[in-house]
Each structure stands twice: as C-alpha cells, then as structure tokens.
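# What the coordinates show
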Amino acid sequence: MPAAQPPFPPPDRDFFGPDLIQLGAVDDEPCLRADAARNRAKLLEAAARLIAEHGADGVTMEAVAAAAAVGKGTVFRRFGDRTGLLTALLDHSERKFQAAFLGGPPPLGPGAPPVERLHAFGRALLRRTVEELDLQLAAEPGSDRRFGVPAWRVQHHHVVLLLRQSVPDADCDLLAHVLMAQLGPALVHHLVRQCGMPVERLEANWADLVARITGTGPHSRAARA
C-alpha cells in the first residue's frame, strides 16, 4: 500500500501565486519601456519568421539581428544567448496553455471531472508539442535543469493534483512523472518524426494510460464485473 500522500490545495488553486508561471524571468516583460517592448516584439517576430522559413536551426543571434535590422549586440543584450531567445519565443505559447488548463473552459479547464481533465491535458499538450516541435527541441534545457523549469513544474503539479483527486491512495507525484514522460519533445520527435507514428496513436496511448492508472477504462470495468 503506497504511503499516504501529503495534503494538497483545493482544485485549481494557483499553487505558484497569482501570476501564471512563464519560461523566462519573472520580471521580464512588465518592466520594459514602451520602446524596449516594441524592440523585443520585433526581434521575436523576426525569430518566429526564421523558424517558419528555415526551422529552428535557422535561428541564430546573427540571423535574427539581420532579419530585424538591428545590431547583433541588441539581440544579445535582450535575450542573453540563443537559448534565451528560443525560451522567449515559447513563453507566449506557455502562457496561453497555462491559462487554458488553469482557468479556461472544461474539459481542459476547471469544471470537468479530474479524469476528463487528465485526458484533455494530454491531448492538448501533445498537439502543442507537435506544432512547436523544432522550437521546443532547440530550447529544451539540459537533463540537469529539465525538471526544474517553472513551466514544467506547473504542468507536473497540475497532473499531480488531478491524479490525487482520481486515485488518492497512489504515489501521484511519481505517477505524474511517468505520465508526462511520453509528452516530452524528444520522445515525441522520435515517435512522430523518426518512427512515423500519427499523433492520434500517441493520444490514444495517453488515454489508455490515464484509464488504466485511474481505473476508468473498459478493461477496469470488466475486471470489477
């Protein structure tokens, strides 16, 4: 019998504070002067255009500076390095995704049963990962930092909360790691790009795992009959 799980906040309580967790520094965009904000938007637009045209490999600090018609030093001062630039590109997408699963309409957002929300979360994150795969691979942190990134911690914590509502006697923290492992960009790249698997197969596997873990699938009902 797994050890009792620690108390958890009420559903959809913002565990990390009033603001959505983002990928970049917490004091990044709100403090920018109007001209600096316009410059940042111009650089990100140029970087997004390069990715659309040439893939993530086409995004270098020099290429972005040339595309935005600014000096290379401006790009380095604003984003620090290439990883910082790619992270900033992902930030807007992450904010939208967090807003959807923390406060958007059900079943991804509050209002649906926890198992339905787990199903919706996996489908949404898989499709987002596929759509942004090159960018996510290029911006993925090293193995020593991957699980400490604030955006990942919010997603993991969300899955833990939904699991605790569904299977309170399980080791939900570890189960959340197991579930989320199949949503990582490296594995999605291998399965979709290298193995040629359709996204629908990954979605079906997520649904099967959630059903087996929560005891809500047809096989679970048959076993209890």
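This text goes with the structure placed above it.
A brief look at the structure comes next.

## Remarks on the pattern of salt bridges
For the structure shown, the criterion picks out nine salt bridges. With a shortest N-O distance of 2.6 Å, Glu203 and Arg127 are connected by a salt bridge. Taken together, the positions of Glu203 in helix H10 (residues 199–214) and Arg127 in helix H5 (residues 114–131) put the pair 76 residues apart, joining distant regions of the chain. The salt bridge involving Asp134 is made with Arg193; its shortest N-O contact spans 3.1 Å. Residue Asp134 is found in helix H6 (residues 133–139), and its partner Arg193 is found in helix H9 (residues 185–194); the two are separated by 59 residues along the sequence. Look at Asp134 and you get partly exposed, because its relative accessible area is 33%. Note on Arg193: relative accessible area 45%, which makes it partly exposed.

## Examining unusual backbone geometry
With glycine set apart, most residues show a phi of negative sign, and most peptide bonds adopt trans. In this structure, the amide linkage connecting Pro106 to the following residue, Pro107, adopts the cis form with an omega of 10 degrees. Tracing the backbone shows Pro107 in the loop between helix H4 (82–103) and H5. Positive phi, normally seen in glycine, also occurs at Ala69, with a value near 60 degrees. Inspection of the secondary structure assignment puts Ala69 in the loop between helix H2 (61–68) and helix H3 (72–79). Residue classification places Ala69 among the exposed positions, given a relative accessible area of 65%.

## Details of the packing of H2 against H3
Packing of H2 against H3 brings their axes to within 8 Å, and their N-to-C directions diverge by 115 degrees. One element, H2, and the other, H3, form an angle in the roughly perpendicular class. Crossing geometry of H2 relative to H3 is assigned as right-handed. Here Met61, Glu62, Val64 and Ala65 of H2 come into contact with H3, specifically with Lys72, Val75, Phe76 and Phe79. In terms of residue class, the contact of H2 with H3 is made up of six nonpolar, no polar and two charged.

## So, the side chain of His119
Structurally, His119 can be placed in helix H5. What makes His119 buried here is its relative accessible area of 17%. Beyond its immediate sequence surroundings of up to four residues, His119 is in contact with Trp206, Ala207, Val210 and Ala211.

Conventions we followed
Residues numbered from 1 in each chain as written. Predicted model: local features only at pLDDT ≥ 70, side-chain atom pairs only at ≥ 80, totals over all residues. Heavy atoms only, no water. Salt bridge = Lys/Arg side-chain N within 4 Å of Asp/Glu carboxyl O. Helix = DSSP H or I, 4+ residues; strand = E, 2+ residues; numbered from the N terminus. Buried < 20%, exposed > 50% of the residue type's maximum accessible area, 1.4 Å probe, protein only. Axes fitted to C-alpha atoms, helices over the stretch in contact; angles between N-to-C directions. Parallel < 35°, antiparallel > 145°, perpendicular 65-115°, else oblique. Left-handed = near helix turned anticlockwise from the far one by under 90°. Contact = heavy atoms within 4.5 Å. Nonpolar A, V, L, I, M, F, W, Y, C, P; charged D, E, K, R; others polar.

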